[in-house]
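# Working through the structure, step by step
What follows is the residue order along each chain.
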Amino acid sequence: MELLPRSPAEFGSARYWDRFFRQRGQRPFEWYGAFPELCPVLHKYVRPRDKVLVVGCGNSELSEQMYDVGMCQDIVNIDVSDAVIRQMRERSASTRPRMSYLLMDMLQMDFPDAHFQVVLDKGTLDALLTDEEEATLTKVDQMFAEISRVLQVGGRYLCVSLAQAHVLKKAVEYFSQEGWVVRVHQVASGGDQQQFVLPVFVYVMTKFRKMPGSAARILEICPEEQDKPMRVESTERLVAAVKDRQHYALLCSQISKTPCKEQVSLDLCDKESGKPRYTLHVVDSPSVKPSRDNHFAIFIIPQGRETEWLFGTEEGRRQLAASAGFGRLLTVALHREQRYEGMAAIQAELSGKVMELAPPGLPARQQVPFLSVGGDIGVRAVRHCGSSPLSGEFVVEDVKGDGTCYFRRLIFLQNRNVVQSEARLLAPTPLPGQKKSRRDKKKPSPTEPPGAIDRSYLCCEHHKAMVAGLCLLGGPDALPGELAVLVVGLGGGSLPLFVHDYFSQARVAVVEIDPSMLEVAMRWFGFSQGDRMQVHVSDGLDYVAKLAAEAPAQYDAIMFDVDSKDLTVGMSCPPSAFVEKPFLQKVKTILKPEGVFVLNLVCRDARLKESVLAALRAVFPLLYARRIHGEVNEILFCQPGPAGRRSPTELGARARALERALRQPGQPWDSSYALADVLQAVLVL
């Protein structure tokens, strides 16, 4: 510890370095970046005939190693410490005749202009630029000006650095403004022998004559895993790219030493586009007793299934890891914008990177298994990409579910892990009398799922609960007949379609604020309008307010299934304005006295949720709640009067009767609906 300076400013003091090297003696001192790690980068930019200047050489072995391997031998080393210069001269005098050591200040060098092809700096800029005080920045400007002066046009300034943000930004801005080409290399780590957790970088500044006018700057970064540089458009983006790699190195260091108390998430991006290609979650299972074969596994989530509860939630991934029986499970989600050749190609692409996230105690050369569902990467076919001012960018995609079923989904890309709407696709059936041709007997292409929508199927559990709530309508022994239903929020249209098709006397009005969603529902989800189904393109708030003023008490059931675009609050469904007391009074006004108001509530903020329930209780005396297992959704059934209060057992009986009534001849019915089970689990609030 006695070798460390009292203050960072001492790094620029010749007296400090004299004392440092006298106390350290002959032992070489390497700040960071051993020669074997730096060698692949240096080989690209240092030629055997180059005349090389090493500034702030200290007693590092870098110059000696470059000389000894024949990389370059015409090397001049300078330093402000007389003690280290004398020491290094003695060390190399007899064995390296072409290499020299000079006592010289790099801020005021004695060399003529354009004297060197390469200037090499290993940690010197980092030691000098310890803060952003004016005096420090003036010294750095002097250093850069002198380096620029002694370098030939086409020469390279190679700076080995830990790339602190202020250091990198200063170097990049100075030399890019001078018209130099700036490239930043990440040095491949030295594994267990690496002294620093942070990665080492080499700035490569190539000198060009400064062109008049505002020529475009050339800024590039070369990550350690690739040779091809990536162009970036600004200093800020370059600094951010370096910072991402530093954070990743810190993360890898942390989780390689201790188990993760919380799940860790990160994106691996495509080298060409820079867009996310894989999303990884690191899930540790403390309950799993480690053995040689169960330390670590990689789980590839099939395409299109990353939104399922088991893969898309923390609790689901925790259960997946525990059931897989591994101490650490790394789940890998594939992105819809990317193309994947198959499981083998994904394994080859990920094998090196995922090992950086291995748990502590993993035996050397341990084979790490890649797991998946069914052994394949699933099927995802993007059918439509669109954008609207209200909903932002969205996609319609077909995905293969568990088994042989295909599903069509609507995804809003601002919240890409949430399925906005979903419909099951029907398998194609031949026309009566039509024989299958040989072509028909071939297996269907995995990228060509069936196209017809199964209108009888409710994919979403909360939609099943909302439909079950209609059994609250009618008298003690009667089920609903003629119904007037208002649905706010169209999405793909599966909820209003189901009500329309299975309640044969129902008249359904749908309010949707975004006309683009109506187009999507009609083109991609089999939605259509008719005598008993009308869509009104309007803000639900305005539509309900207008009805309350003009035509009260006209609906038997009102259903709110509308998402919020404001991701900053803890409630994603509905928007907060839809559950404020004055608006709820208007909802009650347009509801018939024996009617039911059904609300899909998705709220993660406990205080906000309690305020919503308080507002609902203040307006609707009778309130039931049905929580959806494994999801945040909670379905609330609200009625204007307390006279119809029923127990969960009574509700189950009415739901069974409703289910029997809905099973019409010729109408398909899915056994998973189990409406009675849905309502027997309600809570009376």
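Here, every reference points to the structure presented above.
Residues numbered from 1 in each chain as written. Predicted model: local features only at pLDDT ≥ 70, side-chain atom pairs only at ≥ 80, totals over all residues. Heavy atoms only, no water.

### Structural notes on the pairing of strand 20 (residues 506–512)
Looking down a regular strand, the side chains alternate between one sheet face and the other. Where burial is concerned, most of strand 20 is hidden: 6 out of the 7 residues are buried. When strand 19 (residues 483–488) meets strand 20, the two strands line up parallel, connected through 6 bridges. Its bridge partner being in strand 20, Leu-486 is matched across the sheet by Ala-509. Of the crossover connections in this fold, the one passing from strand 19 over helix 14 (residues 494–502) to the parallel strand 20 is right-handed. Note on the crossover from strand 20 through helix 15 (residues 515–524) to strand 21 (residues 533–537): the handedness is right-handed. (Buried < 20%, exposed > 50% of the residue type's maximum accessible area, 1.4 Å probe, protein only. Helix = DSSP H or I, 4+ residues; strand = E, 2+ residues; numbered from the N terminus. Pairing = 2+ DSSP bridges. Right-handed = clockwise from strand over helix to strand, strands pointing away.)

### Some words on empty space enclosed by the protein
The full count for this structure, using the stated rule, is 2 cavities of 30 Å³ or more. In this model, the largest cavity occupies a volume close to 90 Å³. In this structure, the largest cavity is lined by Ser-421, Glu-422, Ala-423, Ile-453, Asp-454, Arg-455, Tyr-457, Gly-492, Gly-493, Ser-494, Leu-497 and Phe-525. Elements represented by at least two residues in the lining of the largest cavity include exactly strand 18 (419–425) and helix 14. Tallied by class, residues from the lining of the largest cavity come to 5 nonpolar, 4 polar and 3 charged. Approximately 30 Å³ is the volume found for the second largest cavity. Forming the walls of the second largest cavity are 10 residues, and the residues nearest its centre are Asp-293, His-295, Phe-296, Gln-366 and Gln-367. Taken together, the residues that form the lining of the second largest cavity break down as 4 nonpolar, 4 polar and 2 charged. (1 Å grid on protein atoms, 1.4 Å probe; cavity = no way out; pocket = protein on both sides within 12 Å on 5 of 7 lines; lining within 4 Å. Points joined across faces, edges and corners; volume = space filled by probe spheres on them. Nonpolar A, V, L, I, M, F, W, Y, C, P; charged D, E, K, R; others polar.)

### Points about the packing of helix 7 (residues 165–177) against helix 8 (residues 235–255)
Where helix 7 contacts helix 8, the axes come no closer than 10 Å and their chain directions differ by 145°. Taken as a pair, helix 7 and helix 8 cross one another with a handedness that is right-handed. Two secondary-structure elements touch here, helix 7 through Ala-165, Leu-168, Lys-169, Val-172 and Glu-173 and helix 8 through Thr-235, Leu-238, Val-239 and Val-242. Here the residues of the contact of helix 7 with helix 8 are counted per class, giving 6 nonpolar, 1 polar and 2 charged. (Axes fitted to C-alpha atoms, helices over the stretch in contact; angles between N-to-C directions. Left-handed = near helix turned anticlockwise from the far one by under 90°. Contact = heavy atoms within 4.5 Å.)

### What about the pattern of salt bridges?
Under the definition given, this model contains 33 salt bridges. When the shortest N-O distance is used, the salt bridge between Glu-308 and Arg-305 registers 2.7 Å. Given a relative accessible area of 22%, Glu-308 falls into the partly exposed group. In this structure Arg-305 comes out as buried when scored by relative accessible area, which is 8%. (Salt bridge = Lys/Arg side-chain N within 4 Å of Asp/Glu carboxyl O.)

### A word on the environment of Tyr-278
Along the chain, Tyr-278 turns up in strand 11 (residues 276–284). Separated by 54 residues in the primary sequence, Tyr-278 and Val-332 have C-alpha atoms spaced 6.2 Å apart. In this structure the side chain of Tyr-278 is engaged in a polar contact, spanning 2.7 Å, whose partner is the side chain of Glu-349. (Polar contact = N/O pair within 3.5 Å; in protein donor to acceptor, adjacent residues only side chain to side chain.)

### Overview of the sheet that holds strand 15 (residues 380–388)
In a beta sheet, neighbouring strands are held together by backbone hydrogen bonds and run either parallel or antiparallel to one another. Across the sheet, 4 strands lie side by side as 15-16-17-18; this open sheet has antiparallel pairing. Where the open sheet ends on each side, the last strands, each with one partner, are strand 15 and strand 18. Geometrically, the sheet is characterised by an average inter-axis angle of 15° between neighbouring strands, direction not taken into account. Judged from the 6 bridges that link them, strand 17 (residues 406–412) and strand 18 form a sheet pairing that is antiparallel. In the strand pairing of strand 18, Arg-408 is matched with Ala-423. In this fold helix 15 packs onto strand 15, strand 16 (392–400) and strand 17, with an angle of close to 155° to the strand it touches most, strand 15.

### With respect to the packing of aromatic side chains
Per the counting criterion, the structure on display carries 16 aromatic pairs. On the basis of an interplanar angle of 90° and a centroid distance of 5.0 Å, the ring pair of Phe-111 and Phe-116 is categorised as edge-to-face. Relative accessible area serves as the criterion here: at 0%, Phe-116 is assigned to the buried category. Put simply, the rings of Phe-144, Tyr-157, Tyr-174, Phe-175 and Trp-180 pair up and form one aromatic cluster. Between the NZ or CZ atom of Arg-424 and the centre of the ring of Tyr-457, over which it lies, the distance is 3.8 Å. (Phe/Tyr/Trp six-rings, centres within 6.5 Å; stacked < 30°, edge-to-face > 60°. Lys NZ or Arg CZ within 6 Å of the ring centre and 35° of its normal.)

### Regarding the sheet that holds strand 2 (residues 75–79)
Taken together, 9 strands build an open sheet; the order of strands is 3-2-1-4-5-7-6-8-9 and the sheet is mixed. Because the sheet does not close on itself, it has two edges, and the strands there are strand 3 (100–103) and strand 9 (230–232). Neighbour-to-neighbour, the strand axes of this sheet turn through a mean angle of 20°, independent of strand direction. Judged from the 6 bridges that link them, strand 5 (residues 151–161) and strand 7 (residues 201–206) form a sheet pairing that is antiparallel. Paired with Ser-161 across the strands is Phe-201, a residue of strand 7. Packing against the sheet, helix 6 (residues 134–150) makes contact with strand 1 (52–55), strand 4 (116–122) and strand 5, and its axis sits at approximately 140° to strand 5. Packing against the sheet, helix 8 makes contact with strand 6 (181–186), strand 7, strand 8 (219–222) and strand 9, and its axis sits at approximately 15° to strand 8.

### Comments concerning helix 15
The periodicity of an α-helix, 3.6 residues per turn, causes residues three or four places apart in sequence to face the same way. Listed as buried for helix 15 are Ser-516, Met-517, Leu-518, Val-520, Ala-521 and Trp-524. Buried-residue contacts for helix 15 involve strand 15, strand 16, strand 17, strand 20 and strand 21. One side-chain oxygen at the N-terminal end of helix 15 lies 2.9 Å from the backbone nitrogen of Ser-516; it belongs to Asp-514.

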